[in-house]
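Residues per chain are reported as follows:
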Amino acid sequence: MEILVFFLLTLSADGAPPGYTLVYTGNFNGPTNVNGSWTGGNFSGLNYAGQGFTQALGYWEVVLKTNNWGYWPDIWLSGSTDKQRTTDSAELGVLDAGPMTAIRQHIKVLSPEGQELFSLLQPTLRGVNQGVHVFGCLIKADLITFSLDNSVLWTAATPPEATQPLFALCNFVVATIPPDPGAITTAVINCYVPPSVTSPSPTP
């Protein structure tokens, strides 16, 4: 028999661990239905020219609002070295939602060609199809902790590649079921740094 144990993270009033400082906020709030046409969307915190925001270690937070009939969101933290995407790097799946009936998170190490050198997948049989939900990813040198609405989902050892600077990458895929005209899915991504970190990567 499988026993699932949930416990609470110690977070401050703004959602971050105590003593952590907010250094980055990214927003996605696109219409899901424009003149009867449904389109997906994605955004990245870093472009191929190396412009944007990266952060090594820290607490990343995704505040997701959905009514189930908009996008199926996938939100990752992707690794970069010298703000380039051309080296072996980590990919942390903060949210792989699919049809919003279950969620998954993952830790992967990818080669420059996209080959999976390491992969750890954790499914959670719990939907997030209504309201506001907060997904957290706390990255420390030894452990990575994933949480949902202040409850820890799972913890795993930190691969060395995941201690490199990471940037946010979001992909919102349109639901295949004909959606409600009032559908909406929005996400706000925040990054906080621990007290010992004083110089996060700037956003040009």
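Here, every reference points to the structure presented above.
Residues numbered from 1 in each chain as written. Predicted model: local features only at pLDDT ≥ 70, side-chain atom pairs only at ≥ 80, totals over all residues. Heavy atoms only, no water.

Participant: Teacher, can you tell me more about the packing of aromatic side chains here?
Facilitator: Overall, the coordinates contain five aromatic pairs when judged by the stated rule. When the centroid spacing of 4.5 Å and the interplanar angle of 10 degrees are considered together, the rings of Tyr24 and Phe53 count as stacked. Residue Tyr24 is located in strand S1 (residues 21-28), and its partner Phe53 is located in the loop between strand S2 (41-44) and strand S3 (58-66); the two are separated by 29 residues in the primary sequence. For the pair formed by Tyr24 and Phe53, the shared burial category is buried. Ring centres 6.1 Å apart and planes at 65 degrees place the aromatic pair Phe53 and Trp60 in the edge-to-face group. Of the residues examined, Phe53 reaches a relative accessible area of 2% and is grouped as buried. Here Trp60 falls in the buried class, since its relative accessible area comes to 1%. Within the aromatic cluster, the residues linked to one another by ring pairs are Tyr24, Phe53 and Trp60. (Phe/Tyr/Trp six-rings, centres within 6.5 Å; stacked < 30°, edge-to-face > 60°. Helix = DSSP H or I, 4+ residues; strand = E, 2+ residues; numbered from the N terminus. Buried < 20%, exposed > 50% of the residue type's maximum accessible area, 1.4 Å probe, protein only.)

Participant: Is there a simple way to think about the nonpolar core in this case?
Facilitator: Within soluble globular proteins, side chains that are nonpolar generally end up buried alongside one another. The biggest cluster of nonpolar side chains holds 32 residues, and the ones touching the most others in it are Trp60 and Leu77. Counting residues in hydrophobic clusters, the runner-up holds five residues, among them Ala16, Tyr20, Tyr59 and Leu138. (Core = buried A, V, L, I, M, F, W, Y, C linked by side-chain atoms within 4.5 Å.)

Participant: Looking at this model, I keep getting lost on unusual backbone geometry. Mind explaining?
Facilitator: What you tend to see is this: most non-glycine residues have negative phi, and most peptide bonds are trans. Even without glycine at this site, Asp149 takes up a positive phi of about 50 degrees. With respect to the helices and strands, the residue Asp149 is situated in the loop between strand S9 (143-148) and strand S10 (151-157). With phi around 75 degrees, Asn150 is a residue other than glycine that occupies positive phi space. With relative accessibility at 27%, the residue Asn150 sits in the partly exposed group.

Participant: I'm lost on the environment of Gly58 in this one. Help?
Facilitator: Along the chain, Gly58 turns up in strand S3. A relative accessible area of 1% places Gly58 in the buried class. The spatial distance from the C-alpha of Gly58 to the C-alpha of Ala141 is 9.6 Å, given a sequence separation of 83 residues. Among residues more than four places away in sequence, those in contact with Gly58 are Tyr20, Cys137, Leu138, Ile139, Tyr192 and Pro194. (Contact = heavy atoms within 4.5 Å.)

Participant: Please clarify how the pairing of strand S6 (residues 103-110) should be interpreted in this entry.
Facilitator: Put simply, side chains in a regular strand alternate between the two faces of the sheet. Within S6, seven of the eight residues are buried, which leaves the element mostly enclosed by the surrounding structure. Where S6 lies against strand S7 (residues 116-124), eight bridges are found, and the strand directions are antiparallel. Pairing of Ile107 across the sheet is with Leu120, part of S7. In textbook terms, the turn of a hairpin is the stretch between consecutive antiparallel strands, and for S6 and S7 this stretch comprises five residues, one of which, Gly114, has a positive phi near 90 degrees. (Pairing = 2+ DSSP bridges.)

Participant: Sorry, what's going on with the pattern of salt bridges here?
Facilitator: Oppositely charged side chains may form a pair once their charged atoms are brought near each other. Summed over the entire model, instances satisfying the criterion amount to one salt bridge. Residue Glu116 is joined to Lys108 by a salt bridge in which the shortest nitrogen-to-oxygen separation is 2.9 Å. Residue classification places Glu116 among the partly exposed positions, given a relative accessible area of 43%. Under the relative-accessibility criterion, Lys108 is labelled buried at 18%. (Salt bridge = Lys/Arg side-chain N within 4 Å of Asp/Glu carboxyl O.)

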